[in-house]
Amino acid sequence: MSHLFYQTAQRRPVLDQARGVYMWDMDGKRYLDGSSGAMVCNIGHSNPHVLDAMRRQMEKSTFGYRLHFETEASEALAAKTAALCPGGMNKIFFVSGGSEAVESALKLARQHALAMGQGTRWKVISRSPSYHGCTLGALAVTGYAPLTAPFAPMMRAMPMIPAPRAYLDGLDPADPATGAHYAAMLEAEIIAQGPDTVLAFIVEPVGGASTGALVPPAGYMQAVQEICRKYGVLLILDEVMTGAGRTGRFLALEHWGLSPDIVVLSKGFAAGYMPLGAIAARDDLVQAVLDQGGFLHGFTYAGNPLACAAGAAVIDEIDRLGLVQNAAEMGKALRLQLDGLMARHPIIGDVRGKGLLMAFELMADHDSKAPLPPALNAHQRLVDIAYDMGLIVYSRRTRDGIEGDHIMVCPPLIVSEAHLDEITETLDAALTRLVADLALAEMA
Ligand SMILES: Cc1ncc(COP(=O)(O)O)c(C=O)c1O
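Everything numeric in this text was worked out from a predicted model, so none of it was measured. (Residues numbered from 1 in each chain as written. Predicted model: local features only at pLDDT ≥ 70, side-chain atom pairs only at ≥ 80, totals over all residues. Heavy atoms only, no water.)

Attention now goes to the sheet that holds strand β2 (residues 22-25). The four strands lie next to each other as β1-β2-β3-β13, forming an open sheet whose pairing is mixed. Either end of the sheet is taken by a strand with one partner, and the two such strands are β1 (15-19) and β13 (391-392). (Pairing = 2+ DSSP bridges. Helix = DSSP H or I, 4+ residues; strand = E, 2+ residues; numbered from the N terminus.)

Structure, rendered in structure tokens:
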């Protein structure tokens, strides 16, 4: 009997310890962490250098309230973060997680509009599907019906455009016309809303759990940046999942040479060693807000020195171990292996992603892209079968959260080819068992 409650009644074994890409429960069973938790533990578990840095910080201080002290740890991490962001983005604001970071980005954007005498701008356009967090502000810009619908009356509805799911619309993602087609939807929405009412566009550069690692079609990201500039709409890149090396660049925006107004970070940023998130913003944007009296926002644990010491050590380890490069190389190898699984298992209808942010989608029919009947609950079954076999993967539904089962395969960036073999061999066996189970389910 537990006094805790979780999202569902499903219980899991108690964690004993975790090292590198592996985790062990109290019975000594070993699991390969094929999803880095929820795409968090980018540098792997129990990295000794990060633990040492945390211990050193703990001996000095574990908390310093931001209105009373500045800390060396937060200054050091802010400097490292700014150096990894595009030029002119030198201002960093710390929080404790992704949802807090998204809230902070939305509120900074709004205060900037006020500072510029543009108080009519408050609408934040986002995409559907998308995921930006579970707090009510971040949820209002999230396009994922199962998570948003119950709370709709409590939120201010925000405009949304479709995510560029070329593979479902029968369009070629490599064709720049496809990117232009979906980007035009942003321009049309800005015009329909009234450009002087639109504050910002928030977007995951490579989709996360809501779309199953959706990679934007050719030219899309550059086009949305241009459209934002044309209408004075701020571009907020939510790199909570894509940041910290996950896609084979430190920030996914580097794939397209983007210069957004605000970048949102969390997850791999402190890799699960401490709760930490951040926004990086353009210097002039922050200056305008500070000149008007300051940012009316802040969380008690903002800039916590222990969290920042962990974050700085994580960035050092990403650099020392060459993890961005490893993510790019292992990502290519993983794609080949997942393509191989698709060739052997017709139930896989699509493999997609960038770097080690990879996913595959289960379908009833490869050609028509028809989804599996949602009642089969195939994505959860596959996660459970793999878990049973000692492999942790993460799943959601890709088509508005209602159907289109996808599985995220996102191991820590320290993976070797041998680990990838272990992941795909287990997935191979798990898919075979899933197909047999589904055949039984259909007969029942
Ligand atoms: C893209 C993106 N933004 C925001 C969040 C919210 O982060 P958190 O769960 O740390 O609040 C997530 C979490 O999955 C995410 O993937």
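Now for the sheet that holds strand β8 (residues 234-238). Read across the sheet, seven strands follow the order β4-β10-β9-β8-β7-β5-β6 without closing on themselves; strand pairing throughout is mixed. Two strands in the sheet have a free side with no partner beyond their single neighbour: β4 (91-95) and β6 (160-162). Strand after strand, the sheet turns through a mean of 20° between neighbouring axes, direction not considered. Here five bridges tie β4 to strand β10 (residues 277-281), and the two strands are oriented antiparallel to one another. Bridge pairing in β10 places Lys91 opposite Ala281. Strand contacts of helix α3 (residues 72-84): β4 and β9 (262-265), with the helix running at about 125° to β4, the strand carrying the most contacts. The strands touched by helix α8 (residues 176-193) are β5 (123-128), β6 and β7 (198-203); relative to β6, the strand with the most contacts, the crossing angle is about 155°. (Axes fitted to C-alpha atoms, helices over the stretch in contact; angles between N-to-C directions. Contact = heavy atoms within 4.5 Å.)

On to the site of the ligand. Around the ligand sit Gly97, Gly98, Ser99, Tyr131, His132, Gly133, Glu204, Asp238, Val240, Met241 and Lys267, and those are all the residues in its vicinity. Within the contact set of the ligand, an oxygen atom lies 2.5 Å away from a side-chain nitrogen or oxygen of Ser99. The separation between a nitrogen atom of the ligand and a polar side-chain atom of Asp238 is 2.7 Å. Burial of the ligand by the protein amounts to 81% of the accessible area it has alone, namely 390 Å². Of the residues that constitute the shell around the ligand, the class distribution is three nonpolar, five polar and three charged. (Near = heavy atom within 4 Å. Polar contact = N/O pair within 3.5 Å; in protein donor to acceptor, adjacent residues only side chain to side chain. Areas by Shrake-Rupley, 256 points an atom, 1.4 Å probe, with all protein chains shown as cover. Nonpolar A, V, L, I, M, F, W, Y, C, P; charged D, E, K, R; others polar.)

Keep in mind these values describe shape, not function.
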